[in-house]
Amino acid sequence: MELIQDYEQQYAVQTAEITAQIGRIAVATGAERNKLISDIDRQLEESQELLEQIGLEVRDIPQNSRAAYTSRLNCYQAEWKRLQQEFNNAKVARSKAGYDSSVDDFDEIGIQEDQKRRLLDNTERMERTSNYLNDAYRISVETEQIGTQVLADLSQQRETIQRSRGRLRETDADLSRSSRILNSMIMRAMREKFILVIVVVAIFLVLILSIYFSIS
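Residues numbered from 1 in each chain as written. Predicted model: local features only at pLDDT ≥ 70, side-chain atom pairs only at ≥ 80, totals over all residues. Heavy atoms only, no water.

Here is the rule we go by: UniProt positions are given in the numbering used here, feature names are shortened, and annotations may be inferred rather than shown by experiment.
By the naming in an unreviewed UniProt entry, the protein is Vesicle transport through interaction with t-SNAREs homolog 1A, taken from Anopheles stephensi. According to the UniProt record, the Sequence similarities (unreviewed entry) comment for the protein is "Belongs to the VTI1 family." Within the UniProt record for the protein, the comment given under Subunit (unreviewed entry) is "Interacts with distinct SNARE complexes that contain either STX5 or STX6. Interacts with NAPA and, to a lesser extent, with NAPG. Identified in a complex containing STX6, STX12, VAMP4 and VTI1A."

As for the packing of helix α1 (residues 2-25) against helix α2 (residues 30-59)
The following threshold applies: To define axes, lines are fitted to C-alpha atoms, for helices over the stretch in contact only, and angles between the resulting N-to-C directions are given on a 0 to 180 degree scale. By definition, any uninterrupted DSSP run of H or I lasting at least four residues is a helix, any uninterrupted run of E lasting at least two residues is a strand, and each is numbered from the N terminus. The labels follow the angle: roughly parallel below 35 degrees, roughly antiparallel above 145, roughly perpendicular from 65 to 115, and oblique for the rest. Take the far helix as the reference: if the near one is turned anticlockwise from it by less than a right angle, the crossing is left-handed, and if turned clockwise, right-handed.
Taken N-terminus to C-terminus, the directions of α1 and α2 make an angle of 155°; their axes are 9 Å apart at the nearest point. The angle between the axes of α1 and α2 places the two elements in the roughly antiparallel class. Considering how the two elements wind past one another, α1 and α2 form a crossing that is left-handed.

A closer look at the side chain of glutamine 43
Going by this rule: Relative accessible area decides the class of each residue, using a 1.4 Å probe on protein chains only: under 20% of the type maximum gives buried, over 50% gives exposed, and in between gives partly exposed.
One can find glutamine 43 in helix α2. Given the relative accessible area of 6%, glutamine 43 is considered buried.

Thoughts on a negative patch on the surface
Under the convention used in this document: Without a salt bridge and with relative accessible area above 30%, a residue can belong to a patch; like charges are then joined within 9 Å and nonpolar side chains (Val, Leu, Ile, Met, Phe, Trp, Tyr) within 5 Å. Residue burial considers only the protein chains on display, and all accessible areas are found by Shrake-Rupley using a 1.4 Å probe. The working definition used for a salt bridge is a side-chain nitrogen of Lys or Arg within 4 Å of a carboxyl oxygen of Asp or Glu. His is not counted here, nor are the chain ends, while Lys and Arg score as positive and Asp and Glu score as negative. Every charge is mapped to an atom, namely NZ of Lys, CZ of Arg, CG of Asp or CD of Glu.
Together, Asp41, Glu45, Glu49 and Glu52 line one region of the surface with negative charge. With respect to the helices, strands and loops of the structure, aspartate 41 is situated in helix α2.

Considering the nonpolar core
Operational definition: In this text, buried Ala, Val, Leu, Ile, Met, Phe, Trp, Tyr and Cys residues form a nonpolar core when linked through side-chain atoms within 4.5 Å. Contacts were defined at the residue level, with two residues in contact if any of their heavy atoms lie within 4.5 Å.
Of all hydrophobic cores here, the largest spans 21 residues; its most connected members are Ile22, Ile40, Leu44, Leu51, Ile54 and Phe87. Contributions of two or more residues to this core are made by α1, α2 and α3 (63-97). The residues contacting isoleucine 40, other than those within four sequence positions of it, are Ile18, Gln21, Ile22, Ile25 and Phe87.

Some points on the pattern of salt bridges
This model, assessed by the stated rule, comprises eight salt bridges. Between arginine 24 and glutamate 32 there is a salt bridge; the shortest N-O distance is 3.7 Å. Taking the shortest distance from any N to any O, the salt bridge between arginine 42 and glutamate 46 comes out at 3.3 Å. Of this pair, arginine 42 and glutamate 46 both sit in helix α2, four residues apart, which is roughly one turn of that helix. When its relative accessible area of 29% is taken as the criterion, glutamate 46 is described as partly exposed.

Shown next, in the form of structure tokens:
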């Protein structure tokens, strides 16, 4: 999971740089513009590779914790597609506008104003992106914490149930022993009662015989 967090930090830095560079395409010219486009293409590829690495790491996460990371990955992928679309729109807009070096020379003031506006827009977009990523990370951390607590509670309940089951087994064993002891006591009492009856009958017979012989 620490490796995923490292990838996420790298991805956040790259997307911020890409956002800033996309805003500069509209005011860049010639070699500078071509270099910007090349750099953005490269950074988009690198950020996509980061997302692929995050996806591979997410697959190895246990099922009970995977949902939060999958949700974050989906957010990153949606953000990457948005950046890709903004990059394509910036290139097309500049191409349609038909700017060249001579036009830039005669319209320097307009470009400066447009550059300020675009830089402000990009700054706001970067802030929104940063807030969005922070919120997504916070939610995923909270979800992971809740999942961990739920698992801990379930584990504790399982241990409680197992202890209760063990006590029930012990109680059942004690009842079985008590039942055997009680049965043994009942049998012994019945034998002693039977012997007592035989003794009483024997004494009674002896008395009768003694009386009979004494009369005779």
